[in-house]
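Structural description and commentary
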Amino acid sequence: MRSYLDFEKPVAELEAKLEELRAMAAQGDAVAIGDDIARLEGKARDALLQLYANLSPSQKTQVARHPLRPHFSDYASALFEEFDPLAGDRKFGDDHAILGGLARFRGRAVCLIGQEKGSSTETRIKHNFGMARPEGYRKAVRLMELADRFSLPVISLVDTAGAFPGLDAEERGQAEAIARSTDACLSLGVPNVAVIIGEGGSGGAIAIATANRVLMLEHSIYSVISPEGAASILWRDTAKAQEAAMNMKITAQDLLRFHVIDSVIPEPPGGAHRDPEAAMRATGDAIEAALGELDGLEPAALRKARREKFLAIGRNL
Amino acid sequence: MNWISNVVPKLSSFLNRREVPENLWVKCPETGQMVFHKDLEANLHVVPGSGYHMRMDPTARLRSVFDGGKWYDIGLPAVAIDPLKFRDEKRYVDRLKDARTKTGAQDAVKVGYGKLEGLPVTVAVQDFGFMGGSLGMAAGEAIVTGLETAASRGTPFIMFASSGGARMQEGILSLMQMPRTTCAIQELREAKLPYIVVLTNPTTGGVTASYAMLGDIQIAEPGALIGFAGPRVIEQTIREKLPEGFQRAEYLRDHGMIDLVVHRHQMRPTLARLCRLLMRAPAAAGEAKAAVKPTEDKPAEAPALPAPAANPAPASA
């Protein structure tokens, strides 16, 4: 049973009808309904395409957070081989919201880092819904330094509502951990590519998304604060989240226009959750292309290019 | 901008100041003690009885740091105004205009260049009074400029931070100031010049998660609130009351997150001492070492920078 987002209702109705017809067809009168099925399939597909071509920022927020949208672990198994998650920051503990380790990506050895939100109640709790504590960022720093030492490109998959706002996280220096992680990204003498696969939530995202190439999936979002957070602070009303989402310019298309990201990875019709395999394949191709552009650059040139890229953001608006 | 828009804000701020007699007496937020504003000013905005550190505007701050209360203002680049066309309950351009009228400044960060016990230093001050000291493109560009000025003139960079975090009305472009300022910190680091951060009340959010936590030396003023997430957000997350003193300067020091908590009266000599040691400059003469009381004179603010003086060579040279 497919789960639908509220705005997908017209498509849901068409697809429900389609299911009925298919069930009837299976019972025998195939000839009579065959045409109806084909016609309805076309209609449902058109409705879906139409809907997804015109998603509002708050609808994209829902798609970006869709529970069936592929997460870090899905990408890790679909696009990478020989991936061993490496644990711990060597200072305090192991954070399960940020995972990472060595892996092979289309033949080349790389370092893979990213946030995992979890996909069931149990795993969501285990991964703290993708909200990392300082240990997570310090693990990311450790892995980046490892990658740098062994000349391995770093691939980050970003999917977080933000860093965890808890007492323990503050106590152990959440802010400093994020700052050092951004610093580590900017210090890398190896190429790094970041992909916002779902939610790019504020400092918790930028800590691993400060990369030579920053890519975004078509219906992912990237913002300084969640639409709900902005609504509660600026409008003092969480019900204004839609308005906040609209105002903040959080979509991949807007961010490309502001030159904050380098490219947008198209999603399958109806979003990545409708065809995770295709979405992940397209993401893999985009990562491969981005790495290809950075091949052969010297460490100093990579650092310089990265720095210049970020310093240029906002200067030509 | 015509002459009316130039004159009217100045006129109204002049009138407002005269019409608000309660400004003459300032209440200590801790003890409720009333202090005459002149006494407070003379005491560097520290409440004489309780020792509470009140906020200090950038001009007063720069005056308290530089020799003889004199410095040169560093010209700051203009940035794009409201590229998002942001509007919450009020248009962002109007909020910006109000803040400019209220403070007489263009944005939240002011940068000065001058001498500290004879040693040339570059100092940036973030004004919480300007839209909560929020970090947007202008503030980010000011900090980048300050760091680059310090790097090119071979001086230490001292950052007085105070901010509620990112300027949400600039969306992702405000988030991008986290990596952008970090780029400039790396340039200063490569020039082997000291970066000293003074955290003042309050410093939170994306500001602590970037340049405000990346100092070579981290100082905080007594009682300053410093953290990533604000106390209210944390209480909502953990559904518990926070412990006494949580996220205060002393708490951070005791948890190993900052180097020193320094009373404002000791700030100038402490900064001078640290800069001298890090720059391997000879010890100051006895007379200059004493904390200088703030003077009533207006600082000599020159419109343009003088040619770089014979700055001491960086420690690496």
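Here the structure is a predicted model, which is why all the values come from computation and not from measurement.

Facing 46 residues of chain A, the contacting portion of chain B comprises 50 residues. Here chain A and chain B share an interface that buries about 4200 Å² over both sides, 69% of which is from carbon and sulfur atoms. On the chain A side of the interface with chain B, the three residues burying the most area are Glu170(A), Leu234(A) and Arg307(A), jointly 16% of the side's total. Seen at the junction of chain A and chain B, the total is four salt bridges. Its salt-bridge partner being Glu190(B), residue Arg307(A) comes within 2.6 Å of it at the nearest N-O pair. Put simply, chain A and chain B have 19 residue pairs in polar contact (both at pLDDT 80 or more) between them. Where the side of chain A that touches chain B is concerned, the elements lending two or more residues are α7 (167–171), α8 (174–187), α9 (202–209), β7 (221–223), α10 (227–235), α11 (241–248) and α14 (299–312) of chain A. Tallied by class, the residues present in the side of chain A that touches chain B amount to 24 nonpolar, eleven polar and eleven charged.

This next bit is on the pattern of salt bridges. Think of it this way: side chains of opposite charge can pair up when their charged atoms draw near. For the coordinates displayed, the defined rule picks out 39 salt bridges over all chains. Among the salt bridges present, the one from Arg65(A) reaches Glu199(A), with a minimum N-O distance of 3.0 Å. Placement of Arg65(A) in the loop between α3 (57–64) and α4 (72–79) and of Glu199(A) in strand β5 (residues 192–201) is noted, with a sequence separation of 134 residues between them. On the accessibility criterion, Arg65(A) (30% relative accessible area) is partly exposed. Between Lys90(B) and Asp98(B) there is a salt bridge; the shortest N-O distance is 2.6 Å. By relative accessible area, which is 34% here, Lys90(B) ends up partly exposed. Salt bridges linked by common partners bring Arg65(A), Lys117(A), Asp159(A), Glu199(A) and Glu228(A) together as one network.

Attention shifts here to the sheet that holds strand β9 (residues 260–261) of chain B. Residues and elements named next belong to chain B. If you trace the seven strands from one edge of the open sheet to the other, you get β3-β4-β5-β6-β7-β8-β9, paired in mixed fashion. In this open sheet, the two edge strands, each paired with only one partner strand, are β3 (72–73) and β9. Sheet analysis places β3 next to strand β4 (residues 109–116), joined by two bridges and oriented antiparallel. Residue pairing in the sheet places Tyr72 in a bridge with Tyr113 of β4. Where helix α5 (residues 137–153) meets the sheet, its contacts fall on β4, β5 (119–126), β6 (157–163) and β7 (195–203), and the angle it forms with β4 comes to roughly 20°. Set on the sheet, helix α10 (residues 264–278) makes contact with β4, β5, β6, β7, β8 (217–220) and β9; between it and β7 the angle comes to about 150°.

Okay, helix α3 (residues 58–65) of chain B next. Residues and elements named next belong to chain B. Burial of α3 is extensive: six of the eight residues sit out of reach of the surface. For α3, the full list of buried residues reads Pro58, Ala60, Arg61, Leu62, Ser64 and Val65. If you follow the buried residues of α3, they end up packed against β4, β5, β6, β7 and α10. In this structure Asp57 caps α3, since a side-chain oxygen of it lies 3.0 Å from the backbone nitrogen of Thr59.

Before going further, it helps to examine the packing of aromatic side chains. Scanning all chains against the criterion turns up eight aromatic pairs over all chains. Judged by centre distance (6.0 Å) and plane angle (50°), the ring pair of Trp235(A) and Phe86(B) falls under tilted. Here the residue Trp235(A) occupies a position in helix α10, and Phe86(B) occupies one in the loop between β3 and α4 (92–103), the pair thus bridging two chains. Given a relative accessible area of 4%, Trp235(A) falls into the buried group. The ring of Phe258(A) carries Arg257(A) above its face, with NZ or CZ at 5.0 Å from the centroid.

Calculation rules
Per chain, residue numbering runs from 1 following the sequence as it is written. Chain A is the first chain written and ligand 1 is the first ligand written, with later ones labelled in order. Local features in this predicted model are restricted to residues of pLDDT 70 or higher, and side-chain atom pairs are both shown and tallied only at a pLDDT of 80 or more, whereas totals for entire chains, interfaces and linings draw on every residue. Where side-chain values are given, they derive from all heavy atoms of the structure, hydrogens and water being excluded. A contact between two residues is defined here by any heavy atoms of the two lying within 4.5 Å. Buried area, as used here, totals the accessible surface that two parts lose on assembly, with accessibility defined by a 1.4 Å probe and the loss added over both. Every case where a carboxyl oxygen of Asp or Glu lies within 4 Å of a side-chain nitrogen of Lys or Arg is listed as a salt bridge. For the purposes of these results, a polar contact is taken to be a pair of N or O atoms within 3.5 Å, where, inside protein, one atom must be able to donate a hydrogen and its partner to accept one; residues adjacent in sequence count only when each atom of the pair is a side-chain atom. Secondary structure elements are defined from DSSP: runs of H or I of at least 4 residues count as helices, runs of E of at least 2 residues count as strands, and each element is numbered from the N terminus. Residues are grouped as follows: Ala, Val, Leu, Ile, Met, Phe, Trp, Tyr, Cys and Pro are nonpolar; Asp, Glu, Lys and Arg are charged; all remaining types, including Gly, are polar. Only protein chains enter the calculation, and the probe is 1.4 Å; a residue is then buried if its accessible area is under 20% of its type maximum, exposed if over 50%, and partly exposed in between. Paired strands, as defined in this entry, are two strands with at least two bridges between them according to DSSP. Here an angle of 0 to 180 degrees is reported between the N-to-C directions of two axes, which are lines fitted to C-alpha atoms, with helices fitted over the stretch in contact. Side-chain rings of Phe, Tyr and Trp, where Trp is taken by its six-membered ring, are said to pair if the distance between their centres is within 6.5 Å; with planes under 30 degrees apart they count as stacked, over 60 as edge-to-face, and otherwise as tilted. Each ring is checked for a lysine NZ or an arginine CZ that lies within 6 Å of its centre and within 35 degrees of its normal; such an atom marks a charge sitting over the ring.

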